[in-house]
Amino acid sequence: MTVRRVAVTGLGIISPLGNTADEFFSNLMAGKSGIRHLKADFADRLDTKIAAQAEFDALQHFGKHKASSLDRVSQFALYAAGQAITDAGLDLEQEDKNRIGIYLGTGMGGAASVEEGYVRLYRDGAERLKPFTVLMAMNNAAASAIALEYGLTGSNLTFSTACSSSSVSIGEAFQQVRHGYADVMLAGGAEALLTFGTIKAWEALRAMAAEDPEDPAASCKPFSANRTGLVLGEGAAIVILEDMERAMARGATIHAEITGYGSGNDSSHITQPSPEGQARAMRAAIDCAGLKPQDIGYINAHGTATPLNDSAETAAIKLVFGEGASGIPVSSTKSMHGHLMGATAAVEFIACIMALKQQALPPTINLHQPDPKCDLDYIPNVGRRGVSVRHVMSNSFAFGGTSGVLIASQP
Amino acid sequence: MDTFETLRDIIVDKFEKDPATITPDATLKSLEIDSLDTFDIIFDAEEKFSIKVPNEQVDIKTVQDVVNLIDKLRADQQK
């Protein structure tokens, strides 16, 4: 079967560490944290008052009516999509829009709109909800907003597999271009779930990090013995995937090539990860890319900083890479940008692409207490520049068990 | 403020329109207000005028049609 090569030609991002790929990556390399005390009127009523918020004022980017008819998650997605299209230098008026699709991931879609509706009904005793409630809350609202904005009529799907949503969306979009169903795909994810009800639900799961008593920004400690859990974040990341020949013919800047994608389900437990399941997805991605494990030069880990994830993921990496595992740099950038749920894999994929471009590996910060069960090279605390890396892998695993692994390569 | 002026303010505020373009005879279509946006205006009007607009289809083409609907419901519902 002949397949096409797939280029990454555009990057768009809104994150707790900046709203351009360059700013985001330079903050990662500097080991900066985007985690801080949550700015919200309900923060007093939370047990854990930290989060990784994005700085984004919709009214600076959209008219009042548009801003008020789009949930924050769709505002993020629309803005990141515009950035990615501009970065790719795509002139959409010259394109066959039937050949351009959009695949997005989100865990909770318009969470704030759902919650606002419930507050009106149950707390305030209102009889009616705003006419836009359904349209703002539905999980496909973000992908739909992009299609409407740009008139893109190709395949338009939303993937919701919790924390791996935007790994799966990028992977499936890659397949669309690779197999010729589309020439260009906008792919990524968006999440805006820092609402009172959603954070409370996460607190109840007891998966959230305790606030570091000395430095709230240092609360997320992946792979460290004193890790206590994840920190919720918000944002969006969208990449432009494009048929490589076409991208080269139009003289586009090719940030990277996406070469591998593996996905599957652990099918073991709703929250507990299975190293075997994770290893299957990594092997599938490596096979898809036509590579050997030793070709991988950096792994952006799922690395949530929950006690269970980090030891399971370490074990899974050992299953795939065997003796070579300790020689591969692995980092969890969630230590800095938090866990953006349905957007997190896309944000981390952009970190991987920037790592390839700049030949620089971002660190895992807050790693000061080694855990015997986590004994790989996690690039502790300080990033590395001047590396020589051709292929990078991004791991994403999820509650519900759906894994997604992406591989990007130097073009 | 009369019904028209209140309605005009709702439309101006929501859609950032020039108040001068909102005249009684202006069609909603000419103001680029579609059926979904009309529901949104009605939602605000319900709050402002303390009325409840029934779900049945109402034929609304112009700003004056909305004014008439509101006035009729206010009269009916105050009885």
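Preceding this section is the structure that the text describes.
As the structure is a computational prediction, the values presented were derived from the model and not from experiment. (Residues numbered from 1 in each chain as written. Chains lettered and ligands numbered in written order. Predicted model: local features only at pLDDT ≥ 70, side-chain atom pairs only at ≥ 80, totals over all residues. Heavy atoms only, no water.)

Draft legend 1. Looking closely at the overall build of chain B. When its secondary structure is counted, chain B shows three helices and zero strands. Listed N to C, the secondary structure of chain B is α-α-α in terms of helices and strands. Whereas a compact globule of 79 residues would reach a radius of gyration of roughly 12 Å, chain B reaches 12 Å, a difference of no more than 12%. When the backbone C-alpha atoms are referred to their principal axes, chain B occupies close to 35 × 25 × 20 Å. Taking all 79 residues of chain B together, the buried fraction comes to 42%. Taking all contacts inside chain B whose residues are at least 6 apart in sequence as the whole, residues at least 24 apart take part in 55%. Surface summary for chain B: the accessible area is close to 4,900 Å², and the carbon and sulfur share equals 49%. Across chain B, 10 positive and 19 negative side-chain charges occur, with their mean positions spaced 4 Å apart. (Helix = DSSP H or I, 4+ residues; strand = E, 2+ residues; numbered from the N terminus. Rg over C-alpha atoms; globule rule 2.2 N^0.38 Å. Buried < 20%, exposed > 50% of the residue type's maximum accessible area, 1.4 Å probe, protein only. Contact = heavy atoms within 4.5 Å. Areas by Shrake-Rupley, 256 points an atom, 1.4 Å probe, with all protein chains shown as cover. Lys, Arg positive; Asp, Glu negative; His and termini not counted. Charge placed at Lys NZ, Arg CZ, Asp CG, Glu CD.)

Draft legend 2. Structural view of the environment of N98(A). Residues and elements named next belong to chain A. Inspection of the secondary structure puts N98 in the loop between helix 3 (72-88) and strand 4 (100-105). Take N98: its relative accessible area is 54%, and that puts it in the exposed class. Sequence spacing of N98 and V184 is 86 residues, and the spatial spacing of their C-alpha atoms is 9.8 Å. Within the structure, the side chain of N98 is placed 2.6 Å from the side chain of T153, a separation counted as a polar contact. (Polar contact = N/O pair within 3.5 Å; in protein donor to acceptor, adjacent residues only side chain to side chain.)

Draft legend 3. Structural detail: the environment of G401(A). Residue and element names in this part refer to chain A. If you trace the backbone, G401 turns up in the loop between strand 13 (391-396) and strand 14 (402-409). Overall, the relative accessible area of 4% leaves G401 in the buried class. Residues within four places of G401 in sequence aside, it is in contact with G264, N265, D266 and I270.

Draft legend 4. The arrangement of the interface of chain A and chain B in detail. Facing 10 residues of chain A, the contacting portion of chain B comprises 11 residues. For the pair chain A and chain B, the summed buried area comes to about 1,000 Å², and 56% of that belongs to carbon and sulfur atoms. Taken together, the connections running from chain A to chain B amount to three salt bridges. Linking D13(B) and K64(A) is a salt bridge whose minimum nitrogen-to-oxygen distance equals 2.4 Å. Counting the contacts that link chain A with chain B gives five residue pairs in polar contact (both at pLDDT 80 or more). Here the side of chain A that touches chain B is composed, by residue class, of four nonpolar, two polar and four charged. (Buried area = accessible area lost by both parts, 1.4 Å probe. Salt bridge = Lys/Arg side-chain N within 4 Å of Asp/Glu carboxyl O. Nonpolar A, V, L, I, M, F, W, Y, C, P; charged D, E, K, R; others polar.)

Draft legend 5. Quick look at the pattern of salt bridges. The full count for this structure, using the stated rule, is 29 salt bridges over all chains. Here E93(A) and K97(A) are joined by a salt bridge, their closest N and O atoms 3.4 Å apart. One salt bridge connects K61(B) with D59(B), and the closest N-O pair in it is separated by 3.4 Å. What makes D59(B) exposed here is its relative accessible area of 62%.

Draft legend 6. Molecular detail of a nonpolar patch on the surface. Residues V114(A), Y118(A), L121(A), Y122(A) and L129(A) make up a contiguous nonpolar surface patch of about 480 Å² in total accessible area. With respect to the helices, strands and loops of the structure, V114(A) is situated in helix 4 (residues 111-123). (Patch = residues over 30% accessible without salt bridge, like charges linked within 9 Å, V, L, I, M, F, W, Y side chains within 5 Å.)

Draft legend 7. Highlighting the sheet that holds strand 1 (residues 6-14) of chain A. Residue and element names in this part refer to chain A. On the basis of which strands lie adjacent, the open sheet formed by 10 strands has the order 5-4-6-7-1-8-14-13-9-10 and mixed pairing. At either margin of the open sheet sits one strand with a lone partner, and together these are strand 5 (156-159) and strand 10 (330-331). Where strand 1 meets strand 8 (residues 256-265), three bridges bridge the pair, whose relative direction is antiparallel. Of the residues in strand 8, the one forming a bridge with A7 is E257. (Pairing = 2+ DSSP bridges.)

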